[in-house]
Amino acid sequence: LDPSVIASAAPAASAAGGSITDRSQETTAAGVPWADFAARRAEVRRSWPVLWDLPVTEDDFGLLADQARITPLTSVLDVGATDRRHRGRLESLGPAVRYASLDVDRTLVHDYHEFAELDRTFDAVVCLEVLEHVDPATGLGIVRDCAAACRPGGFVYLSVPNCLVPSAQMEFTHRTAITHLDLGALCRLAGLEVLQMSRIVRGSPRTRWIHRRLLGRWHRFMKTDFCASVACLARRPEHDRFAEVML
């Protein structure tokens, strides 16, 4: 028998014998204690217990656009901007919006190539379909960097592929599957207040209608979904306890 199997079974055997195993120092793959991560997930679950509770939108920037109608934006940072394909849509969020992009790919033209280069904060920081490409610890670091790049009272908008859509996970470059609870928990760990979450549906109007009207109950019964992505809109608090969270 593999000695490592015996070693890993020892704590469970000890617990079965009546003693209590101390797991307070164990951490998640994101590098934070299990208890802390579970507490943040529980906070998100109180508002959105299951994925199907999230409203459906056909607009990748729907939540941010709704917020921009309430709180006008003047500056937006697009993190992981690739070819800056979202510039036009982000600039359309308001007449005074100034767009800036950040991406590690130095073969493309961007305003910044790393967070350390930032010389100002932004009304909104957007990071779409990036976190799934990195390990959990790096993902948490990116969310924290997004929070730091956002002015107090500003907004962070994130999206990831929907875990309950098999085809959305069948991508060679994806490293981490992130549920809506995980996405919200990452925001909370970064000191952000989660305002709203949504599911983003894509495809032809006919396909969307079929899935929403005819197959909706079937999807829920089978624990699958038809919405390709999950989005989260969060806010950096005005009173700004971000420095405390980082410590």
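This structure is a prediction, so every number in the text was calculated from the model and none was measured.

Chemist: Looking at this structure, how should I read the sheet that holds strand β2 (residues 75-79)?
Modeler: Two pairing modes exist for strands in a sheet, parallel and antiparallel, and in both the strands are linked by backbone hydrogen bonds. Spatially, β1-β6-β7-β5-β4-β2-β3 is the arrangement adopted by the seven strands of the open sheet, whose pairing is mixed. Taken across any chain shown, the strands that pair with only one partner, and hence form the sheet edges, are β1 (56-57) and β3 (98-102). As paired elements, β1 and strand β6 (residues 193-200) share two bridges and run parallel to each other. When the bridges of β6 are listed, T57 appears paired with I200. In the packing of helix α7 (residues 180-189) onto the sheet, contacts are made with β5 (150-161), β6 and β7 (229-235), and the angle to β6 comes to roughly 150 degrees.

Chemist: Just checking my understanding: could you explain the pattern of salt bridges for this structure?
Modeler: Charged atoms that come close allow side chains of opposite charge to pair. As enumerated under the stated definition, the model contains 13 salt bridges in all. For the salt bridge of E43 with R40, the shortest nitrogen-to-oxygen distance reads 3.8 Å. Here E43 and its partner R40 are both found in helix α2 (residues 34-47), three residues apart, which amounts to about one turn of the helix. R41 is the salt-bridge partner of D182, the closest N and O atoms lying 2.4 Å from each other. Placement of D182 in helix α7 and of R41 in helix α2 is noted, with a sequence separation of 141 residues between them. According to the relative accessible area criterion, D182 is buried, its value standing at 14%.

Chemist: Is there a simple way to think about the packing of α2 against α7 in this case?
Modeler: Helices that pack against each other are described as a pair by the angle of their axes relative to one another and the distance between those axes. In contact at an axis separation of 8 Å, α2 and α7 are set at 115 degrees when each is read in the N-to-C sense. The angle between α2 and α7 places the two elements in the roughly perpendicular class. The interaxial crossing formed by α2 with α7 has right-handed handedness. Listed contacts from α7 to F37, R40, R41, E43, V44 and R45 of α2 are H180, L181, D182, G184, A185, L186, R188 and L189.

Chemist: Help me understand the packing of helix α5 (residues 136-149) against α7 in this model?
Modeler: With their axes 9 Å apart at the nearest point, α5 and α7 run at an angle of 55 degrees to one another. Relative to α7, the element α5 lies oblique. In this structure, α5 crosses over α7, and the sense of that crossing is right-handed. In this structure, α5 uses L140, V143 and R144 to contact α7, whose residues at the interface are L186, C187 and L189. Within the contact of α5 with α7, the residues separate by chemical class into five nonpolar, no polar and one charged.

Chemist: I tried to follow the nonpolar core on my own but got confused; where do I start?
Modeler: The nonpolar side chains of a soluble globular protein tend to be buried with one another. Core analysis: the largest hydrophobic core is formed by 43 residues, its most contacted members being L77, V125, L131, L158, L183, L192 and M197. Other than its neighbours up to four places away in sequence, L192 contacts V143, A147, V156, C187, A234, R235 and R236. Grouped together as the second largest cluster of nonpolar side chains are 20 residues, A68, A81, I200 and A231 included.

Chemist: I tried to follow the confidence of the model for the chain on my own but got confused; where do I start?
Modeler: In low-pLDDT segments, the atomic positions of the prediction should not be examined closely. When the pLDDT values of the chain are averaged, the result is 86; 80% of them are 70 or greater. Here residues 1-16 is modelled with pLDDT under 50, and outside its nearest four sequence neighbours on either side it reaches five contacts, counting other chains as well. Note that residues 242-247 has pLDDT below 50 and, in this model, nine contacts with residues that lie over four places away or in other chains.

Chemist: So what exactly am I meant to see when it comes to the side chain of H174 here?
Modeler: Tracing the backbone shows H174 in the loop between α6 (166-169) and α7. Setting aside residues no more than four positions away along its own chain, H174 makes contact with E132, H133, P161, A168 and Q169.

Chemist: Would you mind going over α5 with me for this structure?
Modeler: Every α-helix carries 3.6 residues per turn, so stepping three or four residues along brings you back to the same face. With 14 residues, α5 should reach 20 Å at 1.5 Å per residue; the first-to-last C-alpha distance of 20 Å fits that figure. Residues of α5 that are buried include every one of G139, L140, I142, V143, C146, A147 and A149, and no others. Looking at where α5 begins, the residue whose side-chain oxygen comes 3.2 Å from the main-chain nitrogen of A137 is D135.

Chemist: Whenever I open this one, the pairing of β6 confuses me. Can you help?
Modeler: As a general feature of sheets, a regular strand has side chains that alternate between the two faces. Bridge count for β6 against β7 is seven bridges, and the pairing is antiparallel. Note on β7: the bridge partner recorded for E193 is R235.

Rules and cut-offs
- Residues numbered from 1 in each chain as written.
- Predicted model: local features only at pLDDT ≥ 70, side-chain atom pairs only at ≥ 80, totals over all residues.
- Heavy atoms only, no water.
- Pairing = 2+ DSSP bridges.
- Helix = DSSP H or I, 4+ residues; strand = E, 2+ residues; numbered from the N terminus.
- Contact = heavy atoms within 4.5 Å.
- Axes fitted to C-alpha atoms, helices over the stretch in contact; angles between N-to-C directions.
- Salt bridge = Lys/Arg side-chain N within 4 Å of Asp/Glu carboxyl O.
- Buried < 20%, exposed > 50% of the residue type's maximum accessible area, 1.4 Å probe, protein only.
- Parallel < 35°, antiparallel > 145°, perpendicular 65-115°, else oblique.
- Left-handed = near helix turned anticlockwise from the far one by under 90°.
- Nonpolar A, V, L, I, M, F, W, Y, C, P; charged D, E, K, R; others polar.
- Core = buried A, V, L, I, M, F, W, Y, C linked by side-chain atoms within 4.5 Å.
- pLDDT = per-residue confidence, 0-100.
- Expected span 1.5 Å × (residues − 1).
- Polar contact = N/O pair within 3.5 Å; in protein donor to acceptor, adjacent residues only side chain to side chain.

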